[in-house]
Each structure stands twice: as C-alpha cells, then as structure tokens.
Amino acid sequence: MTLSVGRDTSGFTAILPLAVSRLAAASKGGLIPFALAVVLSLAAGCERSSDSPPATDFAQAAEVVFVGGQACAGCHADEALSWTGSHHDGAMQPARPDTVLGDFDNAEFSYNGVTSVLFERDGEFGMATDGPSGALEEYRVTHTFGIEPLQQYLLELPDGRHQASSIAWDTRPAQLGGQRWFHLYPDDAVDHEDPLHWTGVFQSWNTMCAECHSTNLEKNYSADPQSFATTWSSIDVDCEACHGPGSAHVASPEQVSLALPAAARAWVMDEATGIAARSTPLDSAAEIEVCAQCHSRRAQLSDEFLPGQPLLDGFRPALLDEGLYHADGQILDEVYVYGSFLQSAMHAAGVTCSDCHDPHSTGLRANGNAVCGTCHLASTFESPRHHNHREDSAPDCVDCHMRAEIYMVVDPRRDHSFRVPRPDLSVRIGVPNACNDCHRDETAAWAAEQVAGWFPDGRHSEFHYGEAIQAGRAWQADRVPLLERVVTDAQTPAIARATAVSLLGNQLDDTVLDLVGLALLDDDPIVQLAALDVVPGVPENLRIDFAQRLLDAPLRALRSSAARALATLRPRLSARRQQDLDAALEDHIAVQMFNADRAQGHFNLGSLFDDLGQPGDAEQSYLEAIEREPGFAASYINLADLYRRTGREDEALQLLGNALAMIPEDAGLPFALGLSLVRSGRQTEALEFIERAAELAPASPYYAYALGVALNSAGESERALAVLGDAHEQFPGYREILLALATMYRDGGEIEVALVYTRRLIELWPADPDARSLLAELPSLDRSRP
C-alpha cells in the first residue's frame, strides 16, 4: 500500500504497515502503577535477561549502547545501594519466591461468577482463570509488577504477548486491610468480551505497561502476523533509564560523562517570607522531563528517544482534559503527576522533582512536614497563624495542599499542583477542596466562609483559570472572553493556557482565530501543540500561514501535527515547504507505525488516506482498526461515511447497525446511523436514533442541536423549538443552537422572539455575518405582517 502526496512526491512514498496512535489509558481507570511509558533507543551489546519473554536481539546503533545498571554499581556504590529495593528496582521482576508477594498456595478468588485459582507448581507460579473465550484455563505467571501498595502479575499468552492480570495482591499489612487478593474493577462486571478484560488491549504489558517498568525497551510489534518480540536491556528501571546509555562512560569514565538530569539544589531562605528561593534561576527542564517520560499522562510518538531530549520529541502530554482533571486542574483520573506539577507555584519557582524526592531511592528526602520545611520555615507555616487549626489537631501540609485520590482500589496518589485550598471554587464550579475532605459533614459554602474569614484579602476573590475551563466545557455564554483571559495571561501555567486554546477550538470565529495565531507564537511548545490541533478546522489560506513554519520544528510532536494539518494543501506550498511537508509527513506516519498495536493509528492513517483521495487505502485502514479493536467506535463511523461518499449507503447502514449492537453506549454510532437513515429516506426511524444519541450524550450541545434540526425537518416544529430552547438554556454559548432558534422562530412568523435570539447572537458574536443578516432582515418582516 503506497501513500502518494500530491502529484510530485519528491521521493516521498512509503509502504505502510497499518499503524496506530495509542490512547494513554483505559477509560475506567489506570492500568498499573506506572502504566505510562518511557521507551529509549535500543542498542547493541546489551546483556539479555534469561527471564525475558521471547525476544529478538537489540539492533546495532553506533555510540548508543546500554550496558545495564550492574556496570554502574562498581563506581557508584552508594547510589546503587540506595536504589536497591526501591520502587524503580521492583518495577518489574521475574516471578520467583523472593519476588512474588501474593498467596499462591492454591488460593481462590471469585469475581463476576468466575473462581480463579492461584497456585505454585514445580517452582513456577500460575493462575487458572477465564481466558479470551471465557473458559477457565491455566496461565504461567512470568513476572511481578510493582511492590507497594499492590503487586500485579504478568500472564503469558501466545505470539509474544504478556498481559497484566486484573486480580492483584494487596501488599499492605493485614491491619490496614491488606494481604488479600482483589480485583482492579470491583464495581464492574468485566468478562471476556469487555475491552477491560485482562486479555484485552488495555491490559497489554507490551502496549500499555512495559516501557515504564523496564529500561531500554523496544516493543517490536509486527502487524502481519499480529505478534510481539519485546526486548529490554534491564528488567527494571535502572540507572540508564534516567541517565541514558552508558557504554562510552564505562569505557572512558574520565573523558565521557553521562547526562545528569538532576538540577542543582541551590536554595536560599528568605527569613522575611519564610520561603526559600533559588540562588540562580533554573535554566533547564531536563530533570522534570526525564521524570515525565513515565510520570505523565501522555501518548508515545517514538522509541527513538533518549533521556535528556525534549519531552515533546517523543511524547504528547495530555492537557487538563475533561475526564482526566477537574476544571480547576485538580487530578481526577490517573494522570501521573507531571500535568499537575506544571500548574504549581513550585514549578514556576524552579522546584524540581529531586528537591523533594531522592532520585535513587525514590523516597522523600525527609518525612512528613519536614520535607516541606526545607523550603518553608516551620516557624512560619507550622503555626495556627497559617493553618488556623489547634496544635493538637493540625493537618499535615499535604492534607491541605496535596489532596489525594485513590486509584487501583488501594493506591492513594497526591495531587502535585500544591494548591491553596479554594472551597469558593467548589461553590462556583463544583470542584473538590481539601477542607471538605476532612469536614465531610459541612458544605463547601461553609468552608469558603471559614477561609474568607481567616484570609479576608486571600485568593477567594481572585479569578482562577478553572473558571474559564469550566465555562469552556459547559458552553457558558461567557466562555470566549474567559478563555481569552487565560490564553493571553503569560503568568498562567502553560498547560492551562494550552487547555484554553483547545477548548476555544471547539467553535471558531474571528476572535478565536486571532487567539490561535497568538498561541502558535507562544514560547511554550505545549501551547503551540494545542493550537496546531485546532488548525485543521481553519480556512485553508490561514491554515497555511499558521502551520507551515512548524513543518521543520525541532520537536517531533509539532512537526507531525503541522504535517497532518497541511497534508491536503501540498500543491499550494512553496518548493521548500513541500520538502518540509514530505519530511514531516514521514514523521507523522512513523508515529502511527510505531504504535501499530492499537486501533487509533489505523484510524489516523485511514483519515489521512481519505483526505488525500485514496479511498481504497482508507477503507483498508479502517477495517484494520476494527479488527484490532472492535470496540473503537470512531472506526465504524468514518468507514460508514466513506461508504456514503462512494455510493455504498446500504453497506454503511449495515456496518453501523452491527456496530451499535456491539457498542450500544457510544453516542456517535446512533447519530451516524440516523444520518444514514435520513439519506435512505427513512426519516421516522432516523429520528429515533438521533434522539438516542442526544440521550447518550447529554453534555454535548451538538447532538441536541442536530435533534432539533431533525425534528423541524420532520414537521415537528413545536417539539424542535422545545428541544432547542432547553439546549440553549443548558449551553448558552453554543452558536448553532441560537442561530437555529432565531431562524425557526423567523420562519414560524414569530418575529419578536426571533429578534430576541438574534440579539443574543450579536451580543456574543458581534461580527457574525449570519446574525447581522438576520438582524437586518427581521424588522422588515415584522413590518410586513398584517
């Protein structure tokens, strides 16, 4: 299968194994303690572990050779001793009596009607549990995953696959509820047909876990046939995972230094404020980004990446997206620290991970409040003057400034945004707050009143970017000015500004286009990347102006996104930019090829082929996506639309009907089916499915808008106006609903009501041409009435 780009490919053609751009985690929660990955470039000369899954030899790569942490211990004995027994050391181990912490003495565990047996036989550990078909089968436990507060186990499947069992061992002491088997999805009924079943892609060690639990890992996925030959140089997270390949340093330690990502810990206490400040500004993000390779929610772009290189050259970090973070940026789903820390005043002040955590033991540098006291004077902050609690009941610093959420049933993780409690935001936008974590019998309004009384000049009266993000998510009438305030405030954390750009991209107008252009010039690449994701929806001329200069950006994430935005516009680019586009598209395709084990890359390639006028290749890509992950609804929707455009509506109807039966909870499928039925002249049936889509996605204004339009087209104008009126009340900042209401009332002869909605349109979008045209038209219609 060959991808052709324009008439002159300038040598750019590629035979494409179908590929994917992977999602970071399953929608129902985290997979494993370090479930997101760092993949480092692979090298020759690495000693292979005899406990590895079947794997190929490492590829040869000049001057990039991983030698294993054991080569470091001779000279760096103190660091090696500190690392031994750490969470990094125990991230992954061969399953042996000294590494397995769970009870495998023929223990039984029942879940969802299946009783699994965990056993040890002939020196090996095993599990009898429900397999891919639902039948009880025996599987070999090959490795342990993690040590505290839970331990998971890898089970061996054919074709090089290793899967993380959802039956885990609670390693906490019995008096704390531990020393027991438990299921990671206790409130669900996950069976072998569920994507979250231990045999499914979301529990795939090769895909979802491996790169952050071992060093120098190469996934080595083959699409034909579907199989893995995954390799590593060290089974756990050792020295070279952070410092990079060590062969040159081992050979000539005095001449060649390894990268030392830890920033200098240079702090001077300000006795007046009680807060330390850096003696010299932090001039590199290397340390934080080395940690972020694993301790972030992100998608991986390539394994051609080494510690110390910019994060966006190998990964795409998630923004403060709904479902991952609360509107104010507090953690909600399992997001692995980095996105939270970027929001913090600590990050802005130059604090790095190693200021609080020992990078070798992975433990805190001091216990309890003492670790905070290294930068915050205890005499100032461990005082009722600060925390307003009695000495005998004072909370720890983390209780107020680092709220915890529990993941994987037993694992509490602290929010690293180090925020001041804002119960006033709980009142205004419904986010949690630390005060009510303890004072559960009180309301958020009570907590807000207490804090305002203690600190009358405090932050409760200040604007917070969470108010804008909530306005953007909820389609409030003031969403654009609030989000604009965030985007244009250089003091707001970059990840929040990027999130604001992303939300603005959901509805484009001249103001938003100006802000997207501004964001593309931002100093922070995460803001630029968010703006690039909006660019495919802007007019073509502006798209070229916005994106072409980033085709040769130094960061892979930027180049890939710019290429996708401009893929269809190659003939309109200069000769130089055509060459840049060809190279950047190679990057974009390589990203998809790298992750060929997930449906999303097949989908992404299908979309690219489709846009480039290659329907046969697009169809094949969508079919491959469906085969890889039958539960990925977007593949069916795009394939059905392809069938529509190629005159195959009957096939589209059948495809969507089958998909909906299999994935009944996805709103996009009944909506697509409804549209297909409309095109087939079956309007009555179509309405049923469009209405179902609106019911499945009550937080989406688009489906409510589409239902109103469909009802009006079917002659049910009264019901249409009721649906749209309710939708406008819920989503007052959604332009299309307002425009539909104005035009429908105009068409129904209710000119005064139409004028009300038109004036609301003008108020929100003063330059909107449709609103201006309506405003000019309606008075004359009103005068012409008898």
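Residues numbered from 1 in each chain as written. Predicted model: local features only at pLDDT ≥ 70, side-chain atom pairs only at ≥ 80, totals over all residues. Heavy atoms only, no water.

A. Representation of the nonpolar core within the structure. Core analysis: the biggest nonpolar cluster contains 135 residues, and W181 and V535 have the highest contact counts within it. Among the elements that take part in this core, helix α18 (residues 494-504) stands out by supplying eight residues, more than any other. Aside from chain neighbours lying at most four places away, what touches V535 is V516, L520, R543, F546, A547 and A565. Formed by 39 residues, the second largest nonpolar core is a distinct cluster that contains A706, L721, L724 and W765. (Core = buried A, V, L, I, M, F, W, Y, C linked by side-chain atoms within 4.5 Å. Buried < 20%, exposed > 50% of the residue type's maximum accessible area, 1.4 Å probe, protein only. Helix = DSSP H or I, 4+ residues; strand = E, 2+ residues; numbered from the N terminus. Contact = heavy atoms within 4.5 Å.)

B. Expanded view of the state of the cysteines. Overall, the coordinates contain one disulfide when judged by the stated rule. Two residues, C212 and C294, share a disulfide whose sulfurs are 2.2 Å apart. Across the disulfide from C212 to C294, rotation about the S-S bond amounts to roughly -110°, and the bridge is consequently left-handed. Of this pair, C212 sits in helix α2 (residues 205-213) while C294 sits in the loop between α5 (286-292) and β14 (298-300), and the two are 82 residues apart along the sequence. For C212, a relative accessible area of 2% corresponds to the buried category. On the basis of relative accessible area, C294 is assigned to the buried category, the value being 12%. Unpaired in terms of disulfides, C209 finds its nearest cysteine sulfur in C212, a separation of 9.5 Å. C72 provides the cysteine sulfur closest to C239, a residue in no disulfide bond, and the two sulfurs are 3.8 Å apart. (Disulfide = S-S within 2.5 Å.)

C. How the structure looks around the side chain of D424. By the element assignment, D424 lies in helix α13 (residues 423-429). Only 2.8 Å separates the side chain of D424 from the side chain of R422, close enough to count as a polar contact. Aside from chain neighbours lying at most four places away, what touches D424 is A448, R459 and H460. (Polar contact = N/O pair within 3.5 Å; in protein donor to acceptor, adjacent residues only side chain to side chain.)

D. Structural detail: the environment of F594. Within the secondary structure, F594 is located in helix α23 (residues 575-594). Judged by relative accessible area, F594 falls into the buried class, the value being 15%. Sequence separation between F594 and L508 is 86 residues, and the spatial gap between their C-alpha atoms is 33 Å. When near neighbours in sequence (up to four residues on either side) are disregarded, F594 contacts K219, Q300, L301, S302 and D303.

E. Local environment of the side chain of N433. Position of N433 relative to the elements: it lies in the loop between α13 and α14 (434-438). One polar contact links N433 to S426, side chain to side chain, over a distance of 2.9 Å. A distance of 2.8 Å separates polar atoms of two side chains, one belonging to N433 and the other to N436. Setting aside its immediate chain neighbours within four residues, N433 contacts R403, R422, P423, S426, A444 and A447.

F. Looking closely at the packing of aromatic side chains. Enumeration over the complete set of coordinates arrives at 19 aromatic pairs. Summarising the aromatic geometry, the rings of W169 and W181 are spaced 5.1 Å apart at their centres and angled 70° between planes, so their arrangement reads as edge-to-face. Highlighted residues: W169 in strand β8 (residues 167-170) and W181 in strand β9 (residues 180-183), separated in sequence by twelve residues. Assigned by exposure class, W169 and W181 land together as buried. Summarising the aromatic geometry, the rings of W205 and W232 are spaced 5.9 Å apart at their centres and angled 90° between planes, so their arrangement reads as edge-to-face. Remark: W232 occurs in the loop between β11 (226-228) and α3 (239-243) and W205 occurs in helix α2; sequence separation between them is 27 residues. Since its relative accessible area comes to 0%, W205 is described here as buried. Pairwise contacts between aromatic rings join W475, F671, Y702, Y703, Y705 and Y734 into one cluster. It is K219 that lies over the ring of F594; its NZ or CZ is 4.6 Å from the centre. (Phe/Tyr/Trp six-rings, centres within 6.5 Å; stacked < 30°, edge-to-face > 60°. Lys NZ or Arg CZ within 6 Å of the ring centre and 35° of its normal.)

G. How the structure looks around unusual backbone geometry. Of note, the bond from E148 into P149 is cis; its omega dihedral lies within 30 degrees of zero at 5°. Inspection of the secondary structure assignment puts P149 in the loop between β5 (136-145) and β6 (150-156). For the peptide bond that leads from D224 to P225, omega is 0°, which places it in the cis range. One non-glycine residue, V337, adopts positive backbone phi at about 85°. Considering the arrangement of structural elements, one finds V337 in the loop between β15 (315-317) and α6 (338-341). Under the relative-accessibility criterion, V337 is labelled partly exposed at 31%.

H. Region of interest: the environment of F315. With respect to the element layout, F315 can be found in strand β15. On the basis of relative accessible area, F315 is assigned to the buried category, the value being 0%.

I. Spatial organisation of the packing of helix α26 (residues 633-645) against helix α28 (residues 668-679). At a minimum axis separation of 9 Å, α26 and α28 run at an interaxial angle of 15°. Between α26 and α28, the interaxial angle falls into the category roughly parallel. Both α26 and α28 take part in a crossing whose hand is left-handed. Where α26 approaches α28, its residues A633, Y636, I637 and R644 are matched on the opposing element by G668, L669, A672 and R679. When grouped by side-chain class, the residues that make up the contact of α26 with α28 number five nonpolar, one polar and two charged. (Axes fitted to C-alpha atoms, helices over the stretch in contact; angles between N-to-C directions. Parallel < 35°, antiparallel > 145°, perpendicular 65-115°, else oblique. Left-handed = near helix turned anticlockwise from the far one by under 90°. Nonpolar A, V, L, I, M, F, W, Y, C, P; charged D, E, K, R; others polar.)

J. Structural detail: the pattern of salt bridges. If you walk through the whole model with that rule in mind, you get 44 salt bridges. A salt bridge links R645 to D610; its shortest N-O distance comes to 2.6 Å. Taken together, the residues span a long stretch of sequence, with R645 in helix α26 and D610 in helix α24 (residues 599-611) at a distance of 35 residues. Looking at D610, the relative accessible area reads 15%, which means it is buried. E685 is paired through a salt bridge with R682; the nearest N and O atoms lie 2.9 Å apart. According to the relative accessible area criterion, R682 is partly exposed, its value standing at 35%. Members of the salt-bridge network, linked through shared partners, are R422, D424, R428 and E467. (Salt bridge = Lys/Arg side-chain N within 4 Å of Asp/Glu carboxyl O.)

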